[in-house]
Structure formats: C-alpha cells, structure tokens
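Architecture and fold: a report
So you can see what is in the structure, the chains are spelled out below.
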Amino acid sequence: MKVELKGISHSFDGEEVLSDINLEVRDGEMLGILGPSGCGKTTILRIVAGLIRPNSGGVLFDGKDVTDVPPEKRNVGMVFQSYALFPHLNVEENIGFGLAVRGKRMDEIRKRVKDLLELVRLEGYEKRRIDELSGGEMQRVALARALAPGVDILLLDEPLAALDAKLRNALKKEIRRIQRETGVTAIYVTHDQEEALSISDRVAVMSRGKIEQIGRPVEIYMHPETEFVARFVGEINMLDGIVKGGSIETPVGSIPAGTDFSEGEIVKILIRPENLLPFEKGECMRIRGKIVEMESAAGEIRGKIKVNGAEMMLRRYIGEIDTKIGDEVELYIPLDRISFMK
C-alpha cells in the first residue's frame, strides 16, 4: 500500500514540530526516517497511525484520504521501543490478542500465531511467559503481534533502541527479512544512522520538523544535499573552495571544476574520511601532509592529516596504512568520490 503525506504541519502547545511535510512511501518499501531526537519523526508515525490528527495537510493510503479515519480502521500495525507486551499473557495470547478482539475463531488464531512464530523464528514458543524471553525475543513477539491482523502498513518506532549492539544487528536483519517476505509497506524511525542506511530502501533525513533530503542510502551518504545531512550522516571533511580558471581551488589542492560551476563561485567540497586512499585509484587528487592524530579501534585506523594548515579526517582498515603521529604521508582522493555543495 502506498502512503502519502501532503502538506502535513503540526504543533504541540504552540510549538511547531512538523512543517509542510510532503512524503511518499512506495508500496512494499521500507522507508527509514532518520533524525535527532525532537525532529518530529515519531509524530509522523503517529499521524500515519491515526493517533494524531495533523493541524493541516492530509494522509492518503493508495490515494484515499484517511486523515479523519480512526486508528482501528486503518489496518496499521505498530512496533515500539518498549515492546508493549502484556506480561500476564503468554506468547500465543500476546500475538493473538488483536485477532481475539476482532472475534476470530480460536483455531484461526492458533494457525495464524503458528505461522507468525515460524516467520519470526520462534517456533515452539507459544506457551512461554513474557518474563522468560530475552529482549530480542520480546521484540520478535511484538513484531509478530503487529503483523497478526494482516496489516497493510507496519510502523516501527526505534524498535531496537533497548537492545545491545549484537542483538540490534541480528534483529535488524530479521526485521528486514520479514518485511521483504511479507511485502508489507513499512516506515522505520530511528536516530541511528547505520541502522537507517542498512535497513531501508530509501531514507528521509529530518531536522527541526522538516525533511532535509530523501533518497537511497548510497545517495544520502555519497551525495548529501544540505550541510545538515552531510554532517549528521557519517563523518565528513568539508572544505571551502573557489572556482578559478576551470579549477576549484581548496586549502589542500585543486580539483577540476567541470561545467557546473561559474568563475568566482564559492563551493563546499565534501570528502568522506574513507576516501583518503594510500594508493591511486583512477583520476585522483593528490595531497601531502603530516599525521597529527592516529588511533585504532574495531579493526580500523582513524586519524587526521594536516595539509597546508587544514586538517582532514581519514579512516582505513588496519593493515592498509602503516603510519604514526608526525609521519609525512601522501594520500589520494578519487575525483568520483568528491561531492560538491553550492
């Protein structure tokens, strides 16, 4: 099912939390909404679910206006950070709760629960108590419960935030697998950039109630359209440049300007730390400088190189570069890995 938000604005106690949001979630896709706390991403979920009526604008499901349709008639499932399971009910009863409320027969409920437990890989857990489950297992039960009524849209609000790193990584892959297998349209809210980029078909990056950029994860990462997106998503080197005689002059060297720039134009140059290479790869910008910071962590070397007074972050896998603080080094930046912002 396609979801559209058209001109959505909303305020709480006179403070605007969403401003003219226009967003389309394609049928069957996983759209990530990424942004810092307080940017309005959870409010969008609640508006799609029907829990909040926006001050202005409309919500459409497959082209039909559902702005005034109550939550129970929207066929939307929601998964929360806090699991929101009933502690006095076992796994089967938690998953089947919504079906029981809808008056489904017990044999139908049991079959649906069995199918969903297979889907979330918790076969045989029907009679387990909730306090017997790990955090990851509880979130799988919450996911199965949200899917139980055969929903058209699945909303996930920071579903992995309460889990440790290893569990987050494992369950993230499971959520993606389940979404693909069911084909349900999903909106996944998170403040974790790695989570959003790895799980989503497309990502909408938000700041202060507005959408800064929407695109595929690789587009968001490699070609940020605003300074906020560039700095919020990953680490980045941002240099000022000026167009002179067909080149862009920067503090660390010159880059061919191409035909998109005018003489004298001021340009921001964006270079990710991992694109400073110890070897040439195609057409490159070559820089020479001194290592001023260096540390190793999680199989990576992270450091800074000072070039003509400007400092640039670099990141390489251990073994790719053998330097220490104070070393003079020569590095290469592929021209096709450099982005520009006017």
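These notes cover the structure that comes with them. What you are looking at is a predicted structure, and each value in this text was computed from that prediction instead of being measured. (Residues numbered from 1 in each chain as written. Predicted model: local features only at pLDDT ≥ 70, side-chain atom pairs only at ≥ 80, totals over all residues. Heavy atoms only, no water.)

The next point concerns the overall build of the protein chain. The helix and strand inventory of the protein chain stands at eight helices and 19 strands. For the C-alpha atoms alone, the extent of the protein chain along its principal axes is close to 75 × 45 × 35 Å. Among the 342 residues that make up the protein chain, the fraction classed as buried is 50%. The long-range fraction of contacts in the protein chain, counting pairs at least 24 apart against all pairs at least 6 apart in sequence, stands at 66%. Considering the protein chain, the positive charge centre built from 49 side chains and the negative charge centre built from 56 side chains are found 3 Å apart. (Helix = DSSP H or I, 4+ residues; strand = E, 2+ residues; numbered from the N terminus. Buried < 20%, exposed > 50% of the residue type's maximum accessible area, 1.4 Å probe, protein only. Contact = heavy atoms within 4.5 Å. Lys, Arg positive; Asp, Glu negative; His and termini not counted. Charge placed at Lys NZ, Arg CZ, Asp CG, Glu CD.)

Looking now at the sheet that holds strand E6 (residues 76–79). Sheet architecture is open: six strands sit in the order E6-E7-E8-E3-E9-E10, paired in mixed fashion. Only two strands of the sheet have a single partner each, and these edge strands are E6 and strand E10 (210–215). Along the sheet, successive strands turn relative to each other by an average axial angle of 20°, direction set aside. Taken strand by strand, helix H4 (residues 135–147) contacts E6 and strand E7 (153–157), and its axis lies near 170° from that of E6. (Pairing = 2+ DSSP bridges. Axes fitted to C-alpha atoms, helices over the stretch in contact; angles between N-to-C directions.)

Taken as a class, soluble globular proteins show a tendency for nonpolar side chains to be buried jointly. By size, the foremost hydrophobic cluster in this structure holds 37 residues, and its most contacted members are Val-91, Ile-95, Leu-143, Leu-147, Leu-154, Leu-156 and Ile-175. Elements represented by at least two residues in this core include exactly helix H2 (91–101), helix H3 (106–119), H4, E7, helix H5 (165–182) and strand E8 (185–190). Ranked by the residues each element gives to this core, the list is headed by H4, at seven residues. In this structure Leu-143 touches Val-79, Leu-154, Leu-156, Ile-175 and Ile-178, once residues within four positions along its chain are discounted. (Core = buried A, V, L, I, M, F, W, Y, C linked by side-chain atoms within 4.5 Å.)

All right, on to the environment of Ile-325 then. Relative to the elements of secondary structure, Ile-325 occurs in the loop between strand E17 (310–317) and strand E18 (328–334). Taking the C-alpha atoms as reference, Ile-325 lies 47 Å from Leu-23; in sequence the two are 302 residues apart.

Let us now look at the pairing of E8. Burial within E8 is extensive, with six of its six residues counted as buried. With burial as the criterion, each face of E8 is covered, one bearing Thr-185, Ile-187 and Val-189 and the other bearing Ala-186, Tyr-188 and Thr-190. Inspection of the sheet shows strand E3 (residues 30–34) paired to E8 by five bridges, in the parallel sense. Residue pairing across strands places Leu-34 opposite Thr-190, the latter belonging to E8. Regarding the hand of the β-α-β motif, the stretch spanning E7, H5 and E8 is right-handed. (Right-handed = clockwise from strand over helix to strand, strands pointing away.)

For the rest of this paragraph, the subject is the pairing of strand E12 (residues 247–250). Strand direction decides the pairing type here: strand E11 (residues 237–244) and E12, joined by three bridges, are antiparallel. The residue bridging Ile-242 from the neighbouring strand is Glu-249, located in E12. Hairpin connection between E11 and E12: a loop of two residues separates the two successive antiparallel strands, and Gly-245 in this loop has a positive phi of roughly 55°. Inspection of the sheet shows E12 paired to strand E13 (residues 253–256) by four bridges, in the antiparallel sense. Counted as the bridge partner of Glu-249 is Ser-254 from E13.

What follows is about the packing of H2 against H3. The N-to-C vectors of H2 and H3 enclose an angle of 125°; their axes lie 9 Å apart at closest approach. The pairing of H2 with H3 is recorded here as oblique in orientation. The way H2 lies across H3 gives a crossing that is right-handed. Contact residues: H2 offers Val-91, Glu-92, Ile-95, Gly-96, Leu-99 and Ala-100, while H3 offers Ile-109, Arg-110, Arg-112, Val-113, Leu-116 and Leu-117. When the residues that make up the contact of H2 with H3 are grouped by side-chain class, the tally is eight nonpolar, one polar and three charged. (Parallel < 35°, antiparallel > 145°, perpendicular 65-115°, else oblique. Left-handed = near helix turned anticlockwise from the far one by under 90°. Nonpolar A, V, L, I, M, F, W, Y, C, P; charged D, E, K, R; others polar.)

Attention now goes to the pattern of salt bridges. Considering all chains together, one arrives at 29 salt bridges under this definition. With a closest N to O distance of 2.9 Å, Arg-315 and Glu-235 form a salt bridge. Taken together, the residues span a long stretch of sequence, with Arg-315 in strand E17 and Glu-235 in the loop between helix H8 (227–232) and E11 at a distance of 80 residues. What makes Arg-315 buried here is its relative accessible area of 14%. Of the residues examined, Glu-235 reaches a relative accessible area of 33% and is grouped as partly exposed. Here Glu-330 and Arg-286 are joined by a salt bridge, their closest N and O atoms 3.8 Å apart. Linking Glu-330 in strand E18 with Arg-286 in strand E15 (residues 284–297), this pair joins segments that are 44 residues apart in sequence. Residue Arg-286 is classed as exposed on the basis of its relative accessible area, which comes to 57%. Through salt bridges with shared partners, a single network forms among Arg-121, Arg-140, Glu-174, Arg-177 and Glu-181. (Salt bridge = Lys/Arg side-chain N within 4 Å of Asp/Glu carboxyl O.)

Before going further, it helps to examine the sheet that holds strand E19 (residues 339–341). Read across the open sheet, the five strands follow the order E13-E12-E11-E14-E19; overall the sheet is antiparallel. Edge positions in the sheet fall to E13 and E19, since each of these pairs with one other strand and no more. Adjacent strand axes in the sheet meet at a mean angle of 35°, parallel and antiparallel pairs treated alike. Where E11 and strand E14 (residues 266–271) come together, six bridges link them in antiparallel fashion. Across the sheet, residue Met-238 finds its bridge partner in E14, namely Leu-270.

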